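Chain and residue survey
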Amino acid sequence: MSPDAQDRTVEGDRPAAGPPASGTPVERAARVAEVTEQHVVRLDRDAAFPVEALAELRRTRLLGLMVPAAFGGLDGSLRDVVDVSEALGRADMSVAMIFAMHCQQVQAVVRYAHEPLRSELLPRIAAGEIYLASVTTETGKGGHLRSAEARLHEDGSRLAIERVAPIVTGGAQADGFLVTMLSPAAESSHQVSLVYAHRSQLEISGTGDWQPMGMRASHSLPLTLTGSVPGHQVVGEHGAFHEIAGNVFGPVAHLGWSAAWLGTAAGALSRVLKLLRSPAGRERFDLRSELLLTRLSRSRQRLDGVHALLRHTLAMVERQESLAAANSQLLLNALKITASEQCHAAVEDLIDAVGLRHGYLKDSPTRLELALRDLRSAALNYSNDRLHLADGRLALRDQGVHFA
Amino acid sequence: MDATFVDLLRPFLKGAGDVDITPDTHLLELGIDSMQSIELLFSIEDTLGIALPDEALNETTFATAGSLWKAVAAQLPAGTVTA
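Residues numbered from 1 in each chain as written. Chains lettered and ligands numbered in written order. Predicted model: local features only at pLDDT ≥ 70, side-chain atom pairs only at ≥ 80, totals over all residues.

Quick notes on the packing of helix α4 (residues 78–89) of chain A against helix α7 (residues 241–277) of chain A
Residues and elements named next belong to chain A. For clarity, the threshold we go by: Axis angles are defined between N-to-C directions and span 0 to 180 degrees, where every axis is a line fitted to C-alpha atoms and, for a helix, only to the segment in contact. Numbered from the N terminus, helices here are DSSP runs of H or I no shorter than four residues, and strands are runs of E no shorter than two. Note on terminology: angles under 35 degrees are roughly parallel, angles over 145 are roughly antiparallel, angles of 65 to 115 are roughly perpendicular, and the others are oblique. What makes a crossing left-handed is the near helix being turned counterclockwise from the far one by less than a right angle; a clockwise turn instead makes it right-handed. A pair of residues counts as a contact when their C-beta atoms, built from backbone coordinates, are separated by no more than 7 Å. Each residue is assigned to one of three groups, with Ala, Val, Leu, Ile, Met, Phe, Trp, Tyr, Cys and Pro labelled nonpolar, Asp, Glu, Lys and Arg labelled charged, and all others, Gly among them, labelled polar.
Between α4 and α7, the shortest axis-to-axis distance is 6 Å and the interhelical angle comes to 30°. With respect to each other, α4 and α7 are oriented roughly parallel. Crossing of α4 over α7 shows right-handed handedness. Where α4 abuts α7, its residues L78, V81, V82, S85, E86, A87, L88 and G89 lie against V252, L255, G256, A259, A260, W261, L262, G263, T264 and G267. A per-class count over the contact of α4 with α7 returns 11 nonpolar, six polar and one charged.

Put into structure tokens, the structure is as follows:
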């Protein structure tokens, strides 16, 4: 057992403490951001999971943002996920990514889970009782979403799970897991099933340490999951995970992550501007410096570009029934690639703008060095290299270059 | 517009000479460019101990002495404004 997992009860659920919050999703997010700000420095230093922010996500019922009202959820839209992820990113990228990835899992359950799993799970997510983690990585295939190596085994009416995952964000805290595995009858590595496992249905052992450059509060441990679940806990059809990947995982991830990254860089820019405009900042910096003004401009320009692309892509996803067309996929991938590069570059501009003291030291109120380390992961998290390969092939399918 | 505010404006309005500064005084036409408007903003914030909200920091606010005063007065503690 990992140290964090040891003191979990068998049931594994943590009730949402305190009375449920009210307000719009963004108003609720502001309360989570406030709690996040109080702990951000310590959690980065200790590479520890943001348990306080998670408790606030439970209390504000934002964990149930994507759950339909019929199941007691906030009945939120993808636009709400984007808005909340951006707002949380302004405080801390790890918390924003944890939230965005949870929403991706919930959306998969909402759209693809069968009864009785739907009715068992969704009210509990809505009540803030279940934080969902994603188990899609696998040794040997990296983050490649649409293939799997470990096979699900049918054991009477149950499905046996034995799965090693090199990176599970929030694995020590999660109350439930959505796991990709090779379908029981698979004839190729691309017939993948998605299966839900409650924490109490699994033996979970941690097999390593988490000491990354950035995203330290995401506490993404290697885990081994062993257990069995009733057959009805498969989400979608056996072997048809590619459908969920294309319709839910891809779009929600690219939109949610990009919003988290934009929020991270926007928060950094905002803190820099507050510093520059403060009386102390105005003594330290020459606000007439053309170099400083140009660097501020470049940083802001990059973020306006990402913001526009994010909102345009969101509008496409809202508008279109299917995202199968090459130009739709290209736009979704372009958003992820562009946001990962430009948000990181915007923070680098800011570091050059304010220099060593406020750009490179940990104790600066700008938190630029944390933002830069966190944002460095963006290009690697579902690697841009892999997306470029996919985009090259997709581009060949659209000779006329029809933009989505 | 109170006297402190008018005194704050005067050094930025070289083009105004000795002309009275009234609410209709057009700041842009009297030479306040975008950089000077930032410096005027700092001067106002430091002297009066207030902070103008981001949404007030637009061209309309900085168009005339009167429009700027309106935004400034909104941030002053109640009872301190002498129109």
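What about the packing of helix α10 (residues 326–359) of chain A against helix α11 (residues 368–376) of chain A?
Residue and element names in this part refer to chain A. At a minimum axis distance of 9 Å, the contact between α10 and α11 shows a crossing angle of 150°. In terms of their interaxial angle, α10 and α11 are classed as roughly antiparallel. In the packing of α10 onto α11, the handedness of the crossing is left-handed. Contacts between α10 and α11 involve C343, H344, V347, E348, L350, I351, H358 and G359 from the former and L368, A371, L372, L375 and R376 from the latter.

Considering the domain arrangement of chain A
All names here are of chain A. Going by this rule: The split into domains, and so the bounds of each, comes from an automatic or database assignment of domains.
On domain assignment, one finds that chain A holds domain 1 (3–131), domain 2 (134–235) and domain 3 (241–396). Computed over C-alpha atoms, the centres of domain 1 and domain 2 are 20 Å apart. Across the contact, 36 residues belong to domain 1 and 25 residues belong to domain 2. Ranked by residues supplied to the side of domain 1 that touches domain 2, first place goes to helix α5 (residues 93–112) with 11 residues. Here the residues of the side of domain 1 that touches domain 2 are counted per class, giving 23 nonpolar, five polar and eight charged.

Side note on the interface of chain B and chain A
Listed per partner, the contact involves four residues of chain B and four residues of chain A. Within the side of chain B that touches chain A, the residues separate by chemical class into three nonpolar, no polar and one charged.

Some points on the sheet that holds strand β3 (residues 158–169) of chain A
Two orientations exist for strands paired in a sheet by backbone hydrogen bonds: parallel and antiparallel. Residues and elements named next belong to chain A. This is how it is decided: Strand pairing is assigned whenever DSSP identifies at least 2 bridges connecting the two strands.
As summarised here, the arrangement of the four strands in space is β2-β3-β7-β6, forming an open sheet in which the pairing is antiparallel. The open sheet has two edge strands with one neighbour each: β2 (153–155) and β6 (202–206). The mean angle between the axes of side-by-side strands here comes to 20°, regardless of whether they run parallel or antiparallel. Here β6 pairs with strand β7 (residues 220–230) via five bridges, running antiparallel. Within the sheet, the bridge partner assigned to L202 lies in β7 and is G227.

What about the confidence of the model for chain A?
The criterion, for reference: On a range of 0 to 100, pLDDT expresses the predictor's confidence in each residue.
Summarising the model, chain A shows a mean pLDDT of 92, and 94% of its residues fall at 70 or more. Counting interchain partners and residues more than four positions distant, the pLDDT-below-50 stretch residues 1–13 of chain A has 19 contacts.

Regarding α4 of chain A
Turn by turn, an α-helix covers 3.6 residues, leaving residues three or four places apart pointing in a common direction. Residues and elements named next belong to chain A. Put simply, the test is: Here the expected span of a helix is defined as 1.5 Å times the quantity of residues minus one. Here the C-beta atoms are placed from the backbone, and a residue counts as buried if at least 20 other C-beta atoms lie within 10 Å of its own, exposed if 12 or fewer do, and partly exposed otherwise.
Helix length check: α4 (12 residues) gives 16 Å between terminal C-alpha atoms against 16 Å at 1.5 Å per residue, within 8%. All of the buried residues along α4 are D80, V81, V82, V84, S85, E86, A87, L88 and G89. If you follow the buried residues of α4, they end up packed against α2 (25–46), α5, α7 and α9 (290–319).

Brief notes about the environment of S328 of chain A
Residue and element names in this part refer to chain A. Topologically, S328 is positioned in helix α10. Remark: the alpha-carbon pair of S328 and E129, spanning 199 residues in sequence, is separated by 35 Å. Setting aside residues no more than four positions away along its own chain, S328 makes contact with M316, Q320, L323 and A404.

Structural notes on the pairing of strand β4 (residues 176–182) of chain A
Residue and element names in this part refer to chain A. Within β4, seven of the seven residues are buried, which leaves the element mostly enclosed by the surrounding structure. The two faces of β4 match: G176, L178, T180 and L182 on one face and F177, V179 and M181 on the other face are all buried. Relative to β4, strand β1 (residues 132–135) runs parallel, the two being bridged by four bridges. Each residue of the ladder has a partner; that of V135, found in β4, is V179. Both β4 and strand β5 (residues 192–198) contribute to a ladder of seven bridges, which runs antiparallel. By the bridge assignment, L178 is partnered in β5 with Y196.

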